[in-house]
Amino acid sequence: MSVQTKPGDVVPSNEVTLFIDGIQVSVPKGTMAIRAAEKLGIAIPRFCDHPLLDPQGACRECMVEVPDAGNGRGFPKPQTSCTLEVAPNMQIKTQNTSPVAAKAQSGILEFLLINHPLDCPICDKGGECPLQNQAMSNGRGETRYEGVKRTFPKPVSISAQILLDRERCVLCARCTRFSEQISGDPFIALVERGALQQVGMYADQPYDSYFSGNVIQICPVGALTSTDYRFVSRPFDLVSTPVTCEHCAAGCQLRTDHRHYQVKRRLAGDAPEVNEEWSCDVGRFAFRSGHLDDRLATPLVRKDDVLVPASWAEAIDVAVAGLKKAGSAVGVLTGGRLTLEDAYGYAKFTRAVLGTNDIDCRARVASTEEADFLAAEVAGRRLGDGVTYGDLGAASKVILVGFEPEEESPIVFLRLRKAVRKKRLQVTAVAPYLSNGGKKLSATLVPCAPGGEAAALAGVDADAGTIVLVGERAAAFVGLLSAVTDFAAKAGARLAWIPRRAGERGAIEAGCLPNLLPGGREVGEGTARVDVAAHWGSGSLPSAPGRDGRSILAAAATGELKALIVAGVELADLPDVAGATAAIEEAPFVISIEQRTSEVTSRADVVFPVALIEEKAGTFLNWEHRPGRVTRVNRQAASPMTDLRVLAALADALGTSLGIRTPKEALTELESLGAWEGARAAAPTVPVAQQLPPEQGAFRIASWRQLIDGSRGNDGALDLLVTAKPAVARINAAAAEALGVTGGDPITIFGVDGDRVLPVVVEPGMVDSVVWLPGDLGVLGIKPGDVVRLTAGGVA
Amino acid sequence: MTDTLTPVLSANWADPKAWTLGAYQRRGGYDAAAKALKMTPAEVMGIVKDSGLRGRGGAGFPTGMKWSFVPQDNPNPKYLVVNADESEPGTCKDMPLLMASPHTLVEGILISSYAIGVHTAFIYCRGEVLHVIRRLQQAVKEAYAGGHLGSNIYGSGFDLDIIVHAGAGAYICGEETALLDSLEGRRGQPRLRPPFPAVAGLYASPTVINNVESIASVPSILAHGAAWFGSMGSEKSKGYTLYSLSGHVKRPGQFEAPLGITLRQLLELSGGMRDGHELKFWTPGGSSTPILTADDIDIPLDYEGMAAAGTMLGTKALQCFDETTSVVRTTLRWVEFYKHESCGKCTPCREGNWWLVQLLTKFEAGKAVEGDVDKLLDICDNIGGKSFCALADGAVACVTSAVKKFRSEFEAGYKTPAWELFPYERSALFDVEGGAK
Amino acid sequence: MSGHEFQSYFPDSGSIDYSDTSTAIDEAALAELRELAGRYPQPRSALLPMLHLVQSYDGRVSPAGVKACAEILGITEAQVSGVATFYTMYRRRPGGDHHIGVCTTSLCAVMGGDILLDRVSKRLGIHEGEVTPDGAFSLERLECNAACDFAPVMMVNWEFMDNMTPAKAEEMIDRLVAGDKVSSTRGAELTSWREAERVLAGFPDGRANEGPAAGPASLLGLTIANEKGWAAPDQAPPLPEVAPEPAVPAAPEAKPASVRRTRKAQDK
């Protein structure tokens, strides 16, 4: 887009040409004057204005003079440039050229300061405060206010994470507008009137929103501060590093601020195509899990059945001995924390060093159908081949299948909500009930019991303007991914698969699946294997499709596999926790490559400590296939070794070579290998499994993981965890009546490996004979779609 | 030449049980509505436009033109909202009208709604007037029972519902967009324009917001014609209107007269200022209109006359203060009103009035310091024309006009408390012991 | 001498009073709240009337009332709180059976409103914003109540008490204390603040026909016009079928009619 045009330039018809401080500028029709000025590099001071919020015009700081509105007549009064839509030939004079604008602005600044406390020296915002900056650059040296300042008790807590200092507030309403317009959680609101107006909340309903931390960041003063960061540091003592969030597959660009080799806080970065300027609270606040007492600092080896610290050389010797004994009978399980480069290391190590395809990155419910689906529809794509965030904003309809955006991909949720609000996007949720997130998307519910999604989807209208978003949970239902693919193809709709974890999409691209080599190459495709082998300079690659995660564990338990390499897998995430735990226990030899002690490390024979995400470089691929840089923030790592270097060392000790040692080498090699250009695998055509309704008194499980739950990645974020939604069981009124319970009463869920007591929430629209449970069910040996028995009562 | 006073709206106020449907109909009530519903809506709108009726809520915008801004092709329902939030200091015309003759408004709503194509109308009445609300509720109920509201009114096929809505205490809700937010169950804070209410008002639908007196004037216009209405008043300020005389006058009250009458004429009718006292200053249309003095009593009280005098006709609330009154005290109390009623949305109004009250308090107490008058004016300059809506402009107008006309009284505040210069009990109608003077 | 201190510290602002959770809101009240929500094209429009109704039950905006409004309208309690704290007629704490307001905006203040407020305050033994220990009266400083031609103005339970003097105010309070019937100068017999709130919510009390059509000041211009034979063109001076109510323009110190002649109590 042309920023500045010369007189005589042809301007597109949807562009408006105007003059700011005498300089000609062309901007799209509908642009506000303040944005047009930005394009010229003219900074008009502002507090309430925020480009992603609806114009407010409340602080009045951004006033400009408009001697000509484009029709030959000027405005008699100064105008707020944040609410002034540009018009052809409009003349705008900012503070730079207009004494009227300059006085208007300085007058407002003075008003904002008369009641502002002089506590900048102890304010977290000091040093990065727009009001402070304005006061320093444009304020009076001395006040002429002779009155008394307005005072309130301070601070007050609006949630476990956020403190409000009403004296500092300039009532810009950015926070309340964010909560209402962006996230749809208006648990904070402006209250009182006039000079007493303030941000308020209701005592019984704190501001527990998954996106609450954003209001701290967009507050133009120190009114909203983070309990976590309060009094921790000065902005000018921090070193800022742009990073990609390691939690979910949204690919958020964040800013990590550190000092003294400690991360002090994280903020949303500026990524217009991804997270815009927002982040979820997990990305913002959950960054301490690697700094707890359970951090692994040295390698461990098992001696006399006890894990003891060992030197790196000793640990590598033990590991190599175990691997040599196992030969190719090794299974590799990787988890969602791995970067693309790390995952590529594991994929290559498995094939080229171990000589097997027994690798799976899916530490969750998965299926062979899903692996085929990923091969056909997901792997080997580049950004733009598939659906993007931008496409979500442009779609006329989005259908959600096995996917709960607010819980499972919160930035996707924000994008959808923005489109619903601004462009009247219609969202359809194929789900057992309309969740709170669904309500905030004004979604239409197509109700179905878990497993009934395929049938329900058949009745939904879709066309070329439609996007179907399917979540990783779809793998729990036989035939669903086949049906979704078929549905989208027939309707001409676009389809996107959105996993939960940050590393998952990269791991698929890197080849951490039993059926896929890097770049979406199928293991079964001879030329693909030759291609990769040639690139790697290795001998022929194994041709038999590998075992998936479940089979790997089963084979390890029976001794069919002689060794396991496990990296980044939490057993609690697996669908059959007891079985997985037993398998690790019984596996002949287990190598664990991990950051913190876990249920795997405690059962391993060798444990290698590896670097945290903040201690290494790399790449995450988000659900769109968009690469996001992982940047080394902390250069004084507790463990100097990365996953890649551990693998390279093991390869060396095994007498071969991994050929890559650093993320840069890994990425270069992966990129030069490129994506598969041959024919794509056909999408799976697995028929939908017929399921009978549960017997009287039994319930089919609907479930997804809530954004803030007991995930180990959230450990250490104490205030964040306080804002988690409580674990509940949701059933409909008929079920509640049949069970003799009402909302809040306990009910007991009888799983295969144990039972759990949860309070009931009566969910009016819940499909009959369905119970919704929060998603950490593997420990009970149950998973979505299973049938369980419920009874009233029980003690949690 | 029309008569000095022309009671139209107030003509029936002395009738027995004037507020009832029976009393209203005995005077031909609802005949104008029956007549209007036999015309086309465009014809009705045309008559109102031709009459030259201008908004009686203060701004004086031509009523018919306002109606014509409603896009008739908009698929959303259209709404008419009557602004009965009368709260501007000095203003007291709509409440007596509604208490005495609520059916005049109901009939006006019926005719206006028909012209605009509205099927749901609201009367947003300030909450602090219980008996007015009782009368409105009853009048609407009677009108339904009498077939003047509801479906297929007079067999015309036209349907109309009226909802009487009580506010809850907020002057700012008299601002039309704040009123809409309030009527939507929100905090009454003004909205950004555009979009204008005519396009996206209540529930984001096309909405007309008119003052009580404007809508109440419509039945008489329909009954007697646009020319009749235009035969009263001055060239650009046509028709009759209610003037509310209050303060230190011998007989305060409501005077319905053609636009353009002068304060001198009204004072003569009311017996002049109270005995032994003379006019010092007055407001033409509430506290938000710059004050005038005894020199200005021959200026026509119409939109143009008042604009030429540097003030505004406003709500025609003529508050007259005599020479016992401290301008500083009066101004402070008005600014306290604006501080109390500021909605808080924008900085200059919220913080500026907070500051002005404190500074004016110093003037009143004789504790202001040299230069504070200029500071006062500069603060006013930083508020005036800078705020989100006109509320703060009103606050500034009363301060700057007072300083302009009585600067020395403010300068006296550098040394002497206002209550020493103007002993407050002298302004009261009774002494401190409570006895009548 | 401006009548009140400038307040700058607001320790209790920002919310209604959560500490008092008492409520009289029952199923019937909830049904009425839902009825109000059903009267509007969009339910949230009923929030102001609903809060008036909450006050008629609980004497204030109670936590239970906020919760009920939020649930019925499908909005958050913070949003209800934002509205409840915006408007001056909503109380945080219970008021008196009779709620007295004295206008002290410029015109009323100058004409005696300040003195009146002071005297009423002394008579009741409470300051503005307070409630008498027996809960019978609460007192408030009012902004302009749209009756300036009847200044100084006092409101009791939002009924007009026109042309007030300290003596009249004290007499009225005495009568209310004694349990005597008192009528508004331009309105009905005084009931109670809570009953008034119920009417404001939209549940009429059947008293619309009490009181005069207009006060003397309202009729001043009409009376003069009638005397002088003035009228709008083509409109004969009105000839009412029945003689108008006494409409002698009153000098400000004249006693308004309804205080002079006490109306007989009517059963509700």
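What counts, and where the lines are drawn
Residues numbered from 1 in each chain as written. Chains lettered and ligands numbered in written order. Predicted model: local features only at pLDDT ≥ 70, side-chain atom pairs only at ≥ 80, totals over all residues. Heavy atoms only, no water. Helix = DSSP H or I, 4+ residues; strand = E, 2+ residues; numbered from the N terminus. Rg over C-alpha atoms; globule rule 2.2 N^0.38 Å. Buried < 20%, exposed > 50% of the residue type's maximum accessible area, 1.4 Å probe, protein only. Contact = heavy atoms within 4.5 Å. Disulfide = S-S within 2.5 Å. Buried area = accessible area lost by both parts, 1.4 Å probe. Salt bridge = Lys/Arg side-chain N within 4 Å of Asp/Glu carboxyl O. Pairing = 2+ DSSP bridges. Axes fitted to C-alpha atoms, helices over the stretch in contact; angles between N-to-C directions. Patch = residues over 30% accessible without salt bridge, like charges linked within 9 Å, V, L, I, M, F, W, Y side chains within 5 Å. Areas by Shrake-Rupley, 256 points an atom, 1.4 Å probe, with all protein chains shown as cover. Polar contact = N/O pair within 3.5 Å; in protein donor to acceptor, adjacent residues only side chain to side chain. Parallel < 35°, antiparallel > 145°, perpendicular 65-115°, else oblique. Left-handed = near helix turned anticlockwise from the far one by under 90°. Nonpolar A, V, L, I, M, F, W, Y, C, P; charged D, E, K, R; others polar.

S.K.: How should the overall build of chain A be read in this particular structure?
M.R.: Counting secondary structure elements, chain A contains 23 helices and 35 strands. Relative to a compact globule of 796 residues, whose C-alpha radius of gyration would be 28 Å, chain A shows 29 Å and is just as compact. In terms of overall dimensions, chain A has C-alpha extents of about 85 × 65 × 55 Å along its principal axes. In chain A, which comprises 796 residues, the proportion classed as buried is 61%. Residue pairs at least 24 apart in sequence account for 70% of intrachain contacts in chain A once pairs closer than 6 positions are excluded.

S.K.: I'm lost on the state of the cysteines in this one. Help?
M.R.: Among covalent bonds in proteins, the disulfide is the one between the sulfur atoms of two cysteines. All names here are of chain A. Under the counting rule described, the total for this entry stands at 0 disulfides over all chains. Take C169: it sits in no disulfide, and the sulfur closest to it among the cysteines is that of C175, at 6.4 Å. Judged by its relative accessible area of 14%, C169 is buried.

S.K.: Please clarify how the interface of chain C and chain B should be interpreted in this entry.
M.R.: How big an interface is tends to be stated in terms of accessible area lost as the parts join. Contact residues are listed per partner, giving 102 residues for chain C and 110 residues for chain B. Summed over both partners, the interface of chain C with chain B comes to about 8200 Å²; 63% of that surface belongs to carbon and sulfur atoms. For chain C, the biggest contributors to the area lost against chain B are F6(C), F86(C) and V110(C); these three give 8% of the whole. Counting across the interface, chain C meets chain B through 4 salt bridges. Ionic pairing is found between R134(B) and E159(C), a salt bridge with its closest N-O pair at 2.7 Å.

S.K.: For this particular structure, what's the right way to read the sheet that holds strand 4 (residues 159-161) of chain C?
M.R.: Strands pair in a sheet through their backbones, by hydrogen bonds, and they do so in one of two ways: parallel or antiparallel. All names here are of chain C. The sheet built from 4 strands is open, its strands ordered 2-1-3-4 with mixed pairing. Of all strands in the sheet, those bounded by a partner on one side alone are strand 2 (137-142) and strand 4. Within this sheet the neighbouring strands show an average axis-to-axis angle of 25°, counted without direction. Pairing geometry for strand 3 (residues 154-156) and strand 4, over 3 bridges, is antiparallel. Its bridge partner being in strand 4, V156 is matched across the sheet by E159. Packing of helix 5 (residues 106-124) onto the sheet brings it into contact with strand 1 (98-103), strand 2 and strand 3, and relative to strand 1 it is tilted by some 150°.

S.K.: In this structure, what is going on with unusual backbone geometry? I would like to understand it.
M.R.: The general pattern is negative phi for most residues beyond glycine and trans for most peptide bonds. Cis geometry is found at the peptide bond from P194(B) to P195(B), where omega equals 0°. Mapped onto the fold, P195(B) is located in the loop between helix 8 (176-183) and helix 9 (197-200). Cis geometry marks the peptide bond from A151(C) to P152(C); its omega dihedral reads -5°. Position of P152(C) among the secondary structure elements: in the loop between strand 2 and strand 3. Here Y261(A), not a glycine, exhibits a phi torsion of approximately 60°, which is positive. Mapped onto the secondary structure, Y261(A) falls in the loop between strand 12 (253-259) and strand 13 (262-268).

S.K.: Explanation requested: a nonpolar patch on the surface in the structure shown.
M.R.: Residues and elements named next belong to chain B. A contiguous nonpolar patch, built from F61, M65 and F69 and spanning about 280 Å² of accessible area, is present on the exposed surface. You can see F61 is positioned in the loop between helix 3 (41-51) and helix 4 (63-68). Residue F61 is classed as partly exposed on the basis of its relative accessible area of 36%.

S.K.: In this structure, what is going on with the pattern of salt bridges? I would like to understand it.
M.R.: If charged atoms from side chains of opposite charge come close, those side chains can pair. Residue and element names in this part refer to chain A. Throughout the structure, instances matching the rule amount to 108 salt bridges over all chains. As a salt-bridge pair, R168 and D165 come within 3.3 Å of each other at their nearest N and O atoms. No difference in accessibility class separates R168 from D165, as the two residues are buried. Three or more residues are tied together by salt bridges with common partners; here these are D360, R362, R364, E370, E472, R500 and E504.

S.K.: In this structure, what is going on with the side chain of N714(A)? I would like to understand it.
M.R.: All names here are of chain A. The residue N714 is located in the loop between strand 30 (698-704) and helix 22 (718-722) in this model. Of the polar contacts made by the side chain of N714, one reaches the backbone oxygen of D709; its length is 3.2 Å. Residue contacts for N714: discarding those within four places in its chain leaves H247, V282, A286, L707, I708, D709, L720 and L721.

S.K.: When you look at the sheet that holds strand 25 (residues 563-567) of chain A in this model, what are you seeing that I'm missing?
M.R.: Residues and elements named next belong to chain A. The strand order across the open sheet built from 7 strands is 15-14-27-26-25-16-17, with neighbouring strands paired in mixed fashion. The sheet is open, and its two edges are formed by strand 15 (306-309) and strand 17 (359-360), each paired on a single side. Two elements, strand 14 (residues 300-303) and strand 15, share 4 bridges in a ladder whose sense is antiparallel. What sits directly across from R302, in strand 15, is L307. Strands in contact with helix 7 (residues 312-326) are strand 14, strand 16 (330-334), strand 25, strand 26 (590-594) and strand 27 (606-609); relative to strand 27, the strand with the most contacts, it is inclined by about 130°. Sheet strands touched by helix 20 (residues 643-653): strand 25, strand 26 and strand 27. Its angle to strand 26, the strand with the most contacts, is close to 145°.

S.K.: Just checking my understanding: could you explain the pairing of strand 8 (residues 279-283) of chain B for this structure?
M.R.: Each regular strand displays side chains that alternate between the two surfaces of the sheet. All names here are of chain B. Of all the 5 residues making up strand 8, 5 are buried; the element is thus mostly covered by neighbouring parts of the structure. The sheet contact formed by strand 8 and strand 10 (residues 317-322) spans 4 bridges and is antiparallel. Looking at strand 10, one finds that W282 is bridged to C320.

S.K.: Looking at this structure, how should I read the packing of helix 2 (residues 99-114) of chain A against helix 15 (residues 347-364) of chain B?
M.R.: A pair of packed helices is characterised by two quantities: the angle between their axes and the separation of those axes. Two numbers describe how helix 2 of chain A lies on helix 15 of chain B: the axes approach to 9 Å, and their chain directions differ by 60°. On the basis of their axis angle, the class for helix 2 of chain A and helix 15 of chain B is oblique. Note that helix 2 of chain A runs across helix 15 of chain B; the crossing there is left-handed. Contacts between helix 2 of chain A and helix 15 of chain B involve I108(A), E110(A), F111(A), L112(A) and I114(A) from the former and T347(B), P348(B), R350(B), E351(B), G352(B), W354(B) and W355(B) from the latter. Looking at the contact of helix 2 of chain A with helix 15 of chain B, its residues break down into 7 nonpolar, 2 polar and 3 charged.

These figures capture arrangement, not role.
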